[in-house]
Amino acid sequence: MEPIKTIDKEYLAWITELSSRYRQSQIKAAVKVNSEMLRFYWSVGKDITERQYDNRYGSHFYENLSRDLSLALNKKKGFAPTSLKYATYFYRLYKPLLSNRRQLADDSEEVNHPQHVDEFDLLNSQQLVGKTDDPNRRQLADDLELLFSIPWTHHQKIIDKVNGNAQKALFFVRKTIENNWGRGMLVNFLSTDLYEREGAALTNFATTMPKPEGDLAQEYFKDPYRFEFVQLNEEYSEKELKDELTSKLTQFLLELGKGFSFVGREYRLSAGGKDKYVDLLFYIVPLHRYCVIEVKVTEFDFPDIGQLAGYTAMVDELLNTPVESPAIGLLICKEKNTVMARYALSRISTPIGVSEYELTRKQLPEELQDKLPTEEEIEQGLNKMEQLGTKK
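Residues numbered from 1 in each chain as written. Predicted model: local features only at pLDDT ≥ 70, side-chain atom pairs only at ≥ 80, totals over all residues. Heavy atoms only, no water.

Draft legend 1. Region of the structure containing the overall build of the protein chain. The helix and strand inventory of the protein chain stands at 19 helices and seven strands. Relative to its full complement of 392 residues, the protein chain shows a buried share of 40%. Of the contacts made within the protein chain by residues no fewer than 6 positions apart, 62% connect residues no fewer than 24 positions apart. Accessible surface, the protein chain: about 23,800 Å² in total, of which carbon and sulfur atoms supply 51%. (Helix = DSSP H or I, 4+ residues; strand = E, 2+ residues; numbered from the N terminus. Buried < 20%, exposed > 50% of the residue type's maximum accessible area, 1.4 Å probe, protein only. Contact = heavy atoms within 4.5 Å. Areas by Shrake-Rupley, 256 points an atom, 1.4 Å probe, with all protein chains shown as cover.)

This is the structure in structure tokens:
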């Protein structure tokens, strides 16, 4: 069939809109299928746990269950034993979070006998999520709904890494959704201690920012920052470190986290006949604040805070519009000296955080190091190739 040939802009725009609408419906359908499958796995894990089938039927229980389900469903390939085993892990990991969830039923007039409401039914009941005035229970309800919003393979990776810590697992579920992590990116962050580092920077946000915004800002700053992509000699300078950070800006932004937008490096601020240069200037989009980052390869000292406070004041004066709130400063140093940093932060009104950084250098295994040519051997080989090329 020949496509309709037309220059009708309205018609062409409609075709584009239909295509977009169709793709969105496909995505929604895929999400819905994934959600229902996860709820099924939850129910499987719940049944196995409550009926203690894995204990009653011995070590081959999951293989037998897989075979019996395949026969019952008349499928050559049913549910793999591994997936069924992870269904049990899935339920047992998050079950402790449900201890307070049952109380949600008390807030709904539509539930006739809340004391008999099954916890799996609660997880399926969207109406109960919005029927409570308690912010803690509302947050719990919302968090539990997130469990059915990421792929099953993501859950398996999370289960493998969190050692039964439900709060840590939920943290990575949230991060996966917020940042749209694929499985590879999730595995990458699971291999670090991101959960422990998130929000761990030493700051004065509690006293220099309004509470809701200060709490949110705290979550943006880690301690320490891990620069695993940096390749430097043992004796590196501050300039070399900053060069590496900006040359690998994408990785640096991933380490900073979602919401940071790069503005410039060695950003010039001019006032009073003087030029000052900010190491790294970012914009935190959700907070509508600039973030001035200073990097020091030395231990923290008092003058560092004064310098950073001066830079943030200049940014407020020279760059802020009525939309922006006062800038935040972040000092990333080799050693932060917690006692001295607390003293420095306690008497200033500028919102500032202090964190350390760590460099991780990936080295070749020892068994391979002896097998690689030395620099002299490489140079000799290049000379021989050059000589052969000359003769030709």
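Next comes the rest of the write-up.
Draft legend 2. Region of the structure containing the pattern of salt bridges. Evaluation of the coordinates by the stated rule reveals 20 salt bridges. Linking Arg 226 and Glu 358 is a salt bridge whose minimum nitrogen-to-oxygen distance equals 2.6 Å. Of this pair, Arg 226 sits in strand β2 (residues 225-227) while Glu 358 sits in strand β7 (residues 352-359); the two residues are 132 residues apart in sequence, bridging distant segments of the chain. Assessed through its relative accessible area of 18%, Arg 226 is described here as buried. Residue Lys 248 is joined to Glu 244 by a salt bridge in which the shortest nitrogen-to-oxygen separation is 3.8 Å. (Salt bridge = Lys/Arg side-chain N within 4 Å of Asp/Glu carboxyl O.)

Draft legend 3. Up close: the nonpolar core. Counting residues in hydrophobic clusters, the biggest one holds 36 residues, and the most contacted among them are Trp 42, Phe 90, Leu 93, Tyr 94, Leu 147, Ile 158 and Phe 172. Put simply, the parts of the chain that give this core at least two residues each are α1 (9-51), α3 (61-72), α4 (81-94), α8 (152-161), α9 (166-179) and α10 (183-190). Of the residues forming this core, the biggest block, seven residues, is contributed by α4. With near-sequence residues (within four places) excluded, Ile 158 lies in contact with Tyr 94, Ile 150, Ala 169, Phe 172, Val 173, Leu 186 and Leu 190. (Core = buried A, V, L, I, M, F, W, Y, C linked by side-chain atoms within 4.5 Å.)

Draft legend 4. Here's a closer look at the environment of Phe 90. Tracing the backbone through its elements, the reader meets Phe 90 in helix α4. With a relative accessible area of 0%, Phe 90 lands in the buried category. In this view, Phe 90 contacts Leu 38, Trp 42, Leu 147, Phe 148, Trp 152, His 155 and Ile 159; residues no more than four positions away in its chain are not counted.

Draft legend 5. Quick look at the packing of aromatic side chains. In this structure the tally under the stated criterion is 27 aromatic pairs. Ring plane angle 75° and centroid distance 5.0 Å describe the contact between Trp 42 and Tyr 91, whose orientation is recorded as edge-to-face. Of this pair, Trp 42 sits in helix α1 while Tyr 91 sits in helix α4, and the two are 49 residues apart along the sequence. Ring geometry for Tyr 57 versus Phe 61: centroids 6.2 Å apart, planes at 15°, classification stacked. With a relative accessible area of 7%, Phe 61 lands in the buried category. Each residue in the set Phe 40, Tyr 41, Trp 42, Phe 79, Phe 90, Tyr 91, Tyr 94, Phe 148 and Trp 152 is aromatic and connected to the rest through ring pairs, giving one cluster. The ring of Phe 148 carries the charged tip of Arg 39 above its face, separated from the ring centre by 4.3 Å. (Phe/Tyr/Trp six-rings, centres within 6.5 Å; stacked < 30°, edge-to-face > 60°. Lys NZ or Arg CZ within 6 Å of the ring centre and 35° of its normal.)

Draft legend 6. Local environment of the pairing of strand β4 (residues 274-284). For strand β3 (residues 260-271) and β4, the ladder comprises ten bridges, and the chain directions are antiparallel. The residue bridging Tyr 267 from the neighbouring strand is Val 278, located in β4. What sits between β3 and β4 in their antiparallel hairpin is a turn of two residues, with Gly 272 showing a positive phi close to 60°. In this sheet, strand β5 (residues 289-299) lies alongside β4 in antiparallel orientation, the contact comprising five bridges. Each residue of the ladder has a partner; that of Leu 280, found in β5, is Ile 293. Following β4, the chain reverses through four residues before pairing antiparallel with β5; His 288 in that reversal takes a positive phi of roughly 55°. (Pairing = 2+ DSSP bridges.)

Draft legend 7. Structural detail: unusual backbone geometry. Across the junction of Asp 223 and Pro 224, the peptide omega takes the value -5°, indicating a cis bond. In this structure, Gln 52 is a non-glycine residue whose phi angle is positive, near 55°. In this structure, Gln 52 sits in the loop between α1 and α2 (53-56). Of note in the backbone geometry, Asn 180 takes a positive phi value of approximately 55° without being a glycine. Locating Asn 180 in the fold gives a position in the loop between α9 and α10.

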